[in-house]
Amino acid sequence: MAVLTASDLRKGLKLEIDGEPYIIVDFEFSKPGKGQALYRCRLKNMITGSQFDRTYRSGDKFNSADLEEQEYQFLYKQDNSYHFMNTSNYEQIELSTDTVGDAVNFLTENLVVSILLFEGRPIGISLPNFVTLRVVQSDPGIKGDTAAGTTKPATLETGFVIQVPLFVEQDETLKIDTRTGTYVERVK
Amino acid sequence: MSNVSSDHWMPEQITLDRKRSRLAMRASVLQSIRGFFQEKGFLEVQTPTRTWAPAPESHIEPIPLLEGGCLITSPELHMKRLLAAGYEKIFQICTVFRRGERGHRHHPEFTLLEWYRLHSDQAALQEDCEGLLQFVCRAVHRESGWKYGGNWLDVNAPWEKWTVREAFLRYAGHDPLTQWNQDTFEEVLVQKVEPNLGFPAPCFLTHYPAFQAALAKMSAHDSSTCERFELYWAAIELANGFSELTDAMEQRRRFESVLKEREKADLPSYAMPEKFLKSLEVLKPCAGIALGVDRLVMLLADAPSLDDVVAFPPAFT
């Protein structure tokens, strides 16, 4: 378990507080005038989802949350549960819509993802940084229409809508950055 | 003209496209700041970006350089050396660097406007602030008010002036001067006081506790406060100004105490700014102020974060 200091605090960091894993969901660095830095955090319990605010200052120390990540392959969705298989021991697990969260925008059959386990319990999912997804709908771009910007919306096979450059056409396959939910390039 | 058939595309195209109008606003703000000071007869100066002896500060960390010295955290010391040499009204717009500062309202490198007046005090700076912000708002067509994050802002509404004591009594229910607590002062300021300051017009928070004086002069009639003020707008700290301390002995004593404090906290140490201290021996009464330009642009452009008004925001490290 790594010991962290206040300057390590940022959105997305996972800490252990009173034996429970917490993630920083909102973070604001503030430093009034010539005063000392304050690190204002909104912490979310990664199991119960409950949140609270706490302000830390330079010099405070923390333990990182002792979490384990394992590779799973997405099999199928049934009702409100998502089924995955461990790629090394073939065990299957079920995740709720809440646990899957925004990852649902990028989840296609056979995609290999990391599932976060706290004491063996699945509590979250992290996607590869890049996935490839097919465009199922996008209107043709209008050439030279720079006033309207250089992008247009496109609907992906998961139902997720992103902004893409005008040259992207329906049925093309795109590389998407799952961290930002943005278009990277076309895949031939 | 975009070329629809080309696959030449950079991922940051989208973010940079989105910033176009805010970066144009930024350019207008910079231009109008220069216009304002030119009209007032100020001389624009440039001072070094690298220094070997930054002003010792308890809570501001310079970024050290491999070859020695560090990047400036403010051009203050060099600008005061110009004042000491008789330059009467000077301003500078420059990039400054502060290690480890990263948030919606903090970048480890940011654009600072500093201006100084010889034979003057903080009252003249406060007048400058009003004149400057009204001038800039006029230049970027914000003179009739606009909404920032849902709150109405209007540079031409009456500007309020609160002492630190009054503001704490009103919003936090205690007097920070009689019940001084170093550990909670900033926390209460940030959480209870600041959110109320500067609606719809900017406001001054004045008479800072003497413990927070840094390079400011003590108040003439009250040794518990100093002639330091902050300018707030829409709960955002925009500027920090003061009547400058011109007592070389007192300044050396304050620097020495900060250096000792830094040593105790195991923080990197730099040389005592001797040339600056020497210049204080001849420096006449003067006043100076530093204003965060990126934050001003953020307000004027109704942008939620500094990242929105800087073309290439620094990464979270």
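See the structure printed just above.
Analysis parameters
Residues numbered from 1 in each chain as written. Chains lettered and ligands numbered in written order. Predicted model: local features only at pLDDT ≥ 70, side-chain atom pairs only at ≥ 80, totals over all residues. Contact = placed C-beta atoms within 7 Å. Helix = DSSP H or I, 4+ residues; strand = E, 2+ residues; numbered from the N terminus. Nonpolar A, V, L, I, M, F, W, Y, C, P; charged D, E, K, R; others polar. Buried ≥ 20, exposed ≤ 12 C-beta atoms within 10 Å, placed from the backbone. Pairing = 2+ DSSP bridges. Axes fitted to C-alpha atoms, helices over the stretch in contact; angles between N-to-C directions. Parallel < 35°, antiparallel > 145°, perpendicular 65-115°, else oblique. Left-handed = near helix turned anticlockwise from the far one by under 90°.

Regarding the interface of chain B and chain A
On the side of chain A, 29 residues touch chain B, which itself brings 31 residues to the contact. Looking at the side of chain B that touches chain A, the elements that each hand over two or more residues are helix 1 (13–18), helix 6 (182–193) and strand 13 (236–243) of chain B. Looking at the side of chain B that touches chain A element by element, the count peaks at four residues for helix 6 of chain B. The class makeup of the residues in the side of chain B that touches chain A is ten nonpolar, eleven polar and ten charged.

Here we look at the environment of B:Glu109
Residue and element names in this part refer to chain B. Residue placement: Glu109 occurs in strand 5 (residues 109–118). Residue classification places Glu109 among the partly exposed residues on the basis of 16 C-beta atoms within 10 Å. In sequence terms Glu109 and Leu71 are 38 residues apart; their C-alpha atoms lie 9.9 Å from each other. Not counting residues within four places of it along the chain, the set of residues in contact with Glu109 comprises Thr95, Phe97 and Pro314.

Here we look at the pairing of strand 9 (residues 92–96) of chain A
Within a regular strand, the side chains alternate between the two sheet faces. Residues and elements named next belong to chain A. Pairing between strand 8 (residues 81–86) and strand 9: five bridges, direction antiparallel. Bridged to Ser81 within strand 9 is Ser96. Hairpin connection of strand 8 to strand 9: five residues between the antiparallel strands, including Tyr90 at a positive phi of 60 degrees.

Section: the sheet that holds strand 8 of chain A
Residue and element names in this part refer to chain A. The sheet built from five strands is open, its strands ordered 9-8-7-10-11 with antiparallel pairing. The two strands at the open ends of the sheet, each matched to only one other strand, are strand 9 and strand 11 (121–126). Neighbouring strand axes in the sheet, compared pairwise and without regard to direction, differ in orientation by 45 degrees on average.

Some remarks on the environment of B:Asp128
Residues and elements named next belong to chain B. Summarising the element assignment, Asp128 is placed in helix 4 (residues 122–139). Classification of Asp128 as buried rests on a count of 24 C-beta atoms within 10 Å. For the pair Asp128 and Phe37, spaced 91 residues apart in the sequence, the C-alpha separation amounts to 9.3 Å.

Some remarks on the packing of helix 2 (residues 20–39) of chain B against helix 4 of chain B
Packed helix pairs are specified by the crossing angle of their axes together with the interaxial distance, meaning the distance between the axes. All names here are of chain B. Contact geometry for helix 2 and helix 4: axes closest at 9 Å, N-to-C directions at 135 degrees. When the axis of helix 2 is compared with that of helix 4, the two are oblique. Of the two possible hands of crossing, helix 2 and helix 4 adopt the one that is right-handed. The segment helix 2 lies against helix 4, with Ser28, Val29, Ser32, Ile33 and Phe36 engaging Gly131, Leu132, Phe135, Val136 and Ala139. The class makeup of the residues in the contact of helix 2 with helix 4 is seven nonpolar, three polar and no charged.

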